[in-house]
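Chains, contacts and geometry: an overview
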Amino acid sequence: HDVFGSFHVFSSPATARGCNGMQLWFARTLHTSQGPIQFGHEHFRILHGDERRLIVRLRHPSLKLLLIVLHAPSEDDFEVVRQWWTTTSSLIPSGMASWTWFVMCDANSRVGSMQSKAIGSFGATTENERGAIFHEWLCSHGLWLPQTFEQSHIGPHDTWTHPTLARARIDF
């Protein structure tokens, strides 16, 4: 990984055609109420990186996180989408199931009409098939989407704008 100014920068490669590729920037210093926490190169390890996934372990005496950056497929072959989420799960070491996960995801999914502990009704849209698969993945790992709960989100819900100016919330 690289350091750029006050950030650690983690990258995974694009395809041979230059599509996708992932990047995560993480501050070298985190300011907390107990004082600053400094993160060195030795505190991070890239566990997996491909054109649609970047999984980074952060192990520090003050903090243990699994940082997961994802760009889910947008295609309508739902078996491909389901297999992508299954493969994503298999890339996460079982020993890190109890760690705190921080997932940043372009899910290419619409959710909210079906609520659970993972997804609330705030800013709801009709859950599509990709959304149902994503919802199932979240539930299977005990994850939740804060922006779907009123007590956790302030501001607009849309995260993406199409060239036609149509807007949607597909990123979480």
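Coordinates for the structure precede this section.
As the structure is a prediction and not an experimental result, all values here were calculated from the model.

Some details on the pairing of strand β8 (residues 63-71)
With 8 bridges connecting them, strand β7 (residues 53-60) and β8 associate as antiparallel partners. Paired with R57 across the strands is L66, a residue of β8. Hairpin connection between β7 and β8: a loop of 2 residues separates the two successive antiparallel strands. Pairing of β8 with strand β9 (residues 100-106) involves 7 bridges; the strand directions are parallel. Bridge pairing in β9 links L66 to W101.

Here we look at the sheet that holds strand β3 (residues 22-27)
What the 3 strands build is an open sheet, ordered β1-β2-β3; its pairing is antiparallel. Only two strands of the sheet have a single partner each, and these edge strands are β1 (2-4) and β3. The sheet shows a mean angle of 30° between the axes of neighbouring strands, direction not considered. Taken together, the 6 bridges between strand β2 (residues 7-12) and β3 define a ladder with antiparallel strand orientation. If you follow V9 over to β3, its bridge partner there is W25.

Let's talk about helix α2 (residues 129-140)
The terminal C-alpha atoms of α2 lie 17 Å apart, and with 12 residues this matches the ideal 16 Å at 1.5 Å per residue to within 8%. In the core, the buried residues of α2 are packed alongside β8, α1 (78-90) and β9. Just past α2, the residue G142 takes up positive phi, approximately 65°.

Regarding the pairing of strand β6 (residues 44-50)
Pairing geometry for β6 and β7, over 6 bridges, is antiparallel. When the sheet's bridge partners are listed, D50 is paired in β7 with R53. Between β6 and β7, which pair antiparallel in sequence order, lie 2 residues.

Rules used in this analysis
Residues numbered from 1 in each chain as written. Predicted model: local features only at pLDDT ≥ 70, side-chain atom pairs only at ≥ 80, totals over all residues. Heavy atoms only, no water. Pairing = 2+ DSSP bridges. Helix = DSSP H or I, 4+ residues; strand = E, 2+ residues; numbered from the N terminus. Axes fitted to C-alpha atoms, helices over the stretch in contact; angles between N-to-C directions. Expected span 1.5 Å × (residues − 1). Contact = heavy atoms within 4.5 Å.

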